[in-house]
Amino acid sequence: MSQPVGRVPQRRNARSNRARILATARQELGRNPDITLEELARASGVVRRTLFGHFPGRAALLEALAEEAAEALRAAVAAGEKVTEPAERALAHFLLSIWPVGDRYRMLLALAQRDLGMERVAEILEPARAKVTAILERGQRDGVFPSHLPPAVLSAGLEAMAVALLEAVNTGALKDDGTRTAVATLIAAGVPEKQARVVVDDVAATATEGP
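The structure displayed is predicted, hence computed values, not measured ones.

## Description of the overall build of the protein
Looking only at helices and strands, one finds ten helices and zero strands in the protein. Reading the secondary structure of the protein in the N-to-C direction produces α-α-α-α-α-α-α-α-α-α. Looking at the 211 residues of the protein, the share that counts as buried comes to 39%. Long-range contacts, defined as pairs at least 24 residues apart, comprise 67% of the intrachain contacts of the protein with a sequence gap of at least 6. Split by element, the accessible area of the protein, about 11,700 Å² in all, is 55% carbon and sulfur.

## Brief notes about the packing of aromatic side chains
The final tally for this structure, using the stated rule, is zero aromatic pairs. Stacked on the ring of F52, the Lys or Arg R48 has its end atom at 4.5 Å from the ring centre.

## What about the packing of helix α4 (residues 58–79) against helix α5 (residues 87–104)?
At a closest axis distance of 9 Å, the pairing of α4 and α5 adopts a crossing angle of 155°. Between α4 and α5, the angle falls in the class roughly antiparallel. The interaxial crossing formed by α4 with α5 has right-handed handedness. Every residue of α5 that contacts α4 at A69, A72, L73, A76, V77 and A79 is listed here: H93, F94, S97, I98 and V101. Split into classes, the residues belonging to the contact of α4 with α5 amount to nine nonpolar, two polar and no charged.

## Some details on helix α9 (residues 179–189)
When α9 is considered as a whole, its buried residues turn out to be T181, A182, V183, T185, L186 and A189. Looking at the residues trailing α9, positive phi occurs at G190, about 115°.

## Brief notes about the confidence of the model for the protein
Here the protein averages 86 in pLDDT, while 89% of its residues score no lower than 70. Predicted confidence in the protein is weakest over helix α6 (residues 107–116), with a mean pLDDT of 72, and strongest over α9, with 96.

## So, the side chain of E85
Topologically, E85 is positioned in the loop between α4 and α5. Overall, E85 belongs to the buried group, its relative accessible area being 14%. With sequence-adjacent residues up to four places away left out, E85 is seen in contact with A90, H93 and R138.

## Concerning the pattern of salt bridges
Side chains bearing opposite charge may pair, as long as their charged atoms lie close to each other. The full count for this structure, using the stated rule, is ten salt bridges. One salt bridge connects E68 with R26, and the closest N-O pair in it is separated by 2.8 Å. Placement of E68 in helix α4 and of R26 in helix α1 (residues 7–31) is noted, with a sequence separation of 42 residues between them. Overall, the relative accessible area of 14% leaves R26 in the buried class. Here E123 makes a salt bridge to R120, at a shortest N to O gap of 3.6 Å. Here E123 pairs with R120, and both are found in helix α7 (residues 118–142), just three residues apart, close to one helical turn. A residue is classified by how much of its surface remains accessible, and R120, at 13% relative accessible area, is buried.

## Examining the packing of α7 against helix α8 (residues 151–171)
Where α7 contacts α8, the axes come no closer than 8 Å and their chain directions differ by 125°. With respect to each other, α7 and α8 are oriented oblique. The way α7 lies across α8 gives a crossing that is right-handed. Counted together, L125, R129, V132, T133, L136, E137 and Q140 of α7 and P151, A152, L154, S155, L158 and E159 of α8 form the full contact between these two elements. For the contact of α7 with α8, the residue count by class is seven nonpolar, three polar and three charged.

## With respect to the environment of Y105
One can find Y105 in the loop between α5 and α6. A C-alpha to C-alpha distance of 9.7 Å links Y105 and A72, two positions 33 residues apart in sequence. Among all residues touching Y105, those that are not within four sequence positions of it are R26, L65, E68, A69 and A72. Within the structure, the side chain of Y105 is placed 2.9 Å from the side chain of E68, a separation counted as a polar contact.

Each value, and the rule that gives it
Residues numbered from 1 in each chain as written. Predicted model: local features only at pLDDT ≥ 70, side-chain atom pairs only at ≥ 80, totals over all residues. Heavy atoms only, no water. Helix = DSSP H or I, 4+ residues; strand = E, 2+ residues; numbered from the N terminus. Buried < 20%, exposed > 50% of the residue type's maximum accessible area, 1.4 Å probe, protein only. Contact = heavy atoms within 4.5 Å. Areas by Shrake-Rupley, 256 points an atom, 1.4 Å probe, with all protein chains shown as cover. Phe/Tyr/Trp six-rings, centres within 6.5 Å; stacked < 30°, edge-to-face > 60°. Lys NZ or Arg CZ within 6 Å of the ring centre and 35° of its normal. Axes fitted to C-alpha atoms, helices over the stretch in contact; angles between N-to-C directions. Parallel < 35°, antiparallel > 145°, perpendicular 65-115°, else oblique. Left-handed = near helix turned anticlockwise from the far one by under 90°. Nonpolar A, V, L, I, M, F, W, Y, C, P; charged D, E, K, R; others polar. pLDDT = per-residue confidence, 0-100. Salt bridge = Lys/Arg side-chain N within 4 Å of Asp/Glu carboxyl O. Polar contact = N/O pair within 3.5 Å; in protein donor to acceptor, adjacent residues only side chain to side chain.

Here is the structure:
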């Protein structure tokens, strides 16, 4: 069955508008978590009717951002799979792989408890939490990380620190491309500072060079 004339360009325009609204929301919500949808429509360069056509309310907009973040995080977790590496390198590689996702969606941190709910946040973060816990468990088994805390508990502590550092980036208190957070995380996991810096620098350089 042939497509009606004009249907394809209209759909393409609708996708473009939706993407622009979400991109603007990521930026503007980081500056002002209480921005109204009307203000967001103006910032996106679309009329109010267009925005509400895609997102009938604030909850729908935030859920779309949450699903974007979840998909990006799942992809980053898959890309960060380095099962054959020593645990400290695997952790550094994983952290550097997911940093762009956390940096892009860090505005969700301010909205997590109030708007998304902790259950939704936990659902989004589950793949990353499982991966970090597995790396820590392997590292403790191999003697790379001290075993003073169970892997899942240590993972939760490292996550809390990473969230705090992302929030510091969000407020402008810290500038980071991911390497500072990766070094801090390795140190908190039990890797000596000098070794942590060498590992992160080497992993970052390897990632930049590509395969």
